[in-house]
Amino acid sequence: MSQAEAYDLIIVGGGPAGLTAGIYAMRAALKTVLIEKGPAGGQIVLSDEVENWPGTERIGGTELAMNMANHADSYGLEVRNQEVVAIEPGLDIHTVRLDSGESITAHAVILSTGGSPRQLNIPGENEFYGKGVSYCAVCDGFFFRGKTVMVIGGGDSAVEESLYLAKLAKRVYIAHRRDALRASRILQQRAMNDCNIEILWNSVPVEIHAAPEGPVDRVTLKDTRSGETREMPVDGVFIFIGFQPNNAVVPAGIKLNAQGYVITDAKCETDIPGIFAVGDLREKYARQIVTAAADGAVAALASAHFVETKKATAADTCELPVQ
Ligand code: NAP
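This write-up is about the structure you can find in this document.

Definitions and cut-offs
Residues numbered from 1 in each chain as written. Predicted model: local features only at pLDDT ≥ 70, side-chain atom pairs only at ≥ 80, totals over all residues. Heavy atoms only, no water. Disulfide = S-S within 2.5 Å. Near = heavy atom within 4 Å. Polar contact = N/O pair within 3.5 Å; in protein donor to acceptor, adjacent residues only side chain to side chain. Areas by Shrake-Rupley, 256 points an atom, 1.4 Å probe, with all protein chains shown as cover. Helix = DSSP H or I, 4+ residues; strand = E, 2+ residues; numbered from the N terminus. Nonpolar A, V, L, I, M, F, W, Y, C, P; charged D, E, K, R; others polar. Domains from an automatic or database assignment. Axes fitted to C-alpha atoms, helices over the stretch in contact; angles between N-to-C directions. Parallel < 35°, antiparallel > 145°, perpendicular 65-115°, else oblique. Left-handed = near helix turned anticlockwise from the far one by under 90°. Contact = heavy atoms within 4.5 Å.

## What about the state of the cysteines?
Here's step 1: Applying the stated criterion across every chain, the model contains 1 disulfide.
Here's step 2: The disulfide bridge from Cys136 ends at Cys139, spanning 2.0 Å between sulfur atoms. Taking the torsion about the sulfur-sulfur bond, which here is approximately 75°, the covalent link between Cys136 and Cys139 counts as right-handed.

What follows is the structure, encoded as structure tokens:
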């Protein structure tokens, strides 16, 4: 595609925020392309079950992702399986560079690159990744049927994934650094009522160990109050201590908060006109599938207004009589 054939809108990332933006953009008749390096759906494909998508009491994460992708496809949304390596903002048009070496341009860009699991950064975490250390219960839980696992964290992800693991594993320990969970009340109650789950309060892992050439066999836990350590035999460690924003391709000049999340206005627009940020990448109060989808809708509608205004201004300028 040449510069003259710019898209109206490029969406970077195909999770719930990006796919919803795609649906709204196509309905607004914007010439749109969505770039996604992995499978559609983002983080939700890692969820066993989603229970808070309005109108659907319970749905598998992968199924919900497929529904969203199919919905966007029904409007003819162009999706490219490529990686964005850089975004260069321009005054009139923004350029998005792809890993293939190709560059595409658009009047508006929606960044929906989401976040990635945060790491503990303790000895053994990287060494034994895939050999007992995991960041995805739905992907790897199957390998721990009848075994003992430890989940690290006290948020919604840690508790939700523990409940999933408790259906497969012999024993699930949740090691949490405080004496109260951060997770929502309903999840807390379910974990407390599950006799297969034991919560280890005020505990943080300081090292993950494995037998020579073997998989994970134990974790050294530290008591956050006394500082004492002890070893717990486990077969697997699932780490859910939050996310960090995938902000690598966010162009310079866009303001980030101290944690690296993009700061936007109520339209999800960044400091650079025509560049929007949505979903888990954006600074916001609640990171839920429904709020990601809402961001996508807002940003697509705002993009449509931005693009129409740009085109109308350009047309007016062209009609000015030559002096
Ligand atoms: P989160 O809410 O940020 O929770 C992270 C947990 O890990 C906290 O309990 C935190 O402890 C602990 N933690 C952080 N750093 C740690 C460290 N270095 N060592 C030990 N523990 C550490 O992250 P999340 O659970 O991944 O959830 C992310 C967002 O997605 C949240 O907004 C959540 O509500 C949402 N979410 C929603 C659902 C749902 O609605 N079904 C499911 C999953 C996620 P402290 O509590 O002491 O800070």
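More follows now that the structure is in view.
## Structural notes on the site of the ligand
Here's step 1: Lining the immediate environment of the ligand, one finds 18 residues, of which Asn52, Asp156, Glu160, Arg178 and Arg182 sit closest.
Here's step 2: In this structure, an oxygen atom belonging to the ligand sits 2.6 Å away from a side-chain N or O atom of Asp156.
Here's step 3: The separation between an oxygen atom of the ligand and a polar side-chain atom of Gln288 is 2.8 Å.
Here's step 4: When the ligand sits alone it has 910 Å² of accessible area, and the protein chains cover 77% of it.
Here's step 5: Top contributing element to the shell around the ligand by residue count: helix α4 (residues 156–166), with 3 residues.
Here's step 6: A per-class count over the shell around the ligand returns 4 nonpolar, 8 polar and 6 charged.
Here's step 7: In terms of domain composition, the shell around the ligand takes at least three residues from each of domain 1 (3–116 + 243–318) and domain 2 (119–239).

## Some words on the packing of α4 against helix α5 (residues 185–193)
Here's step 1: Closest axis-to-axis distance for the α4/α5 pair is 10 Å, and the angle between their directions is 40°. Between α4 and α5, the interaxial angle falls into the category oblique. The crossing of α4 and α5 is left-handed. Together, Asp156, Val159, Glu160 and Leu163 of α4 and Leu187, Gln188, Arg190 and Ala191 of α5 make up the contact between the two elements.
Here's step 2: Broken down by class, the residue content of the contact of α4 with α5 amounts to 4 nonpolar, 1 polar and 3 charged.

Geometric values such as these leave the question of function open.
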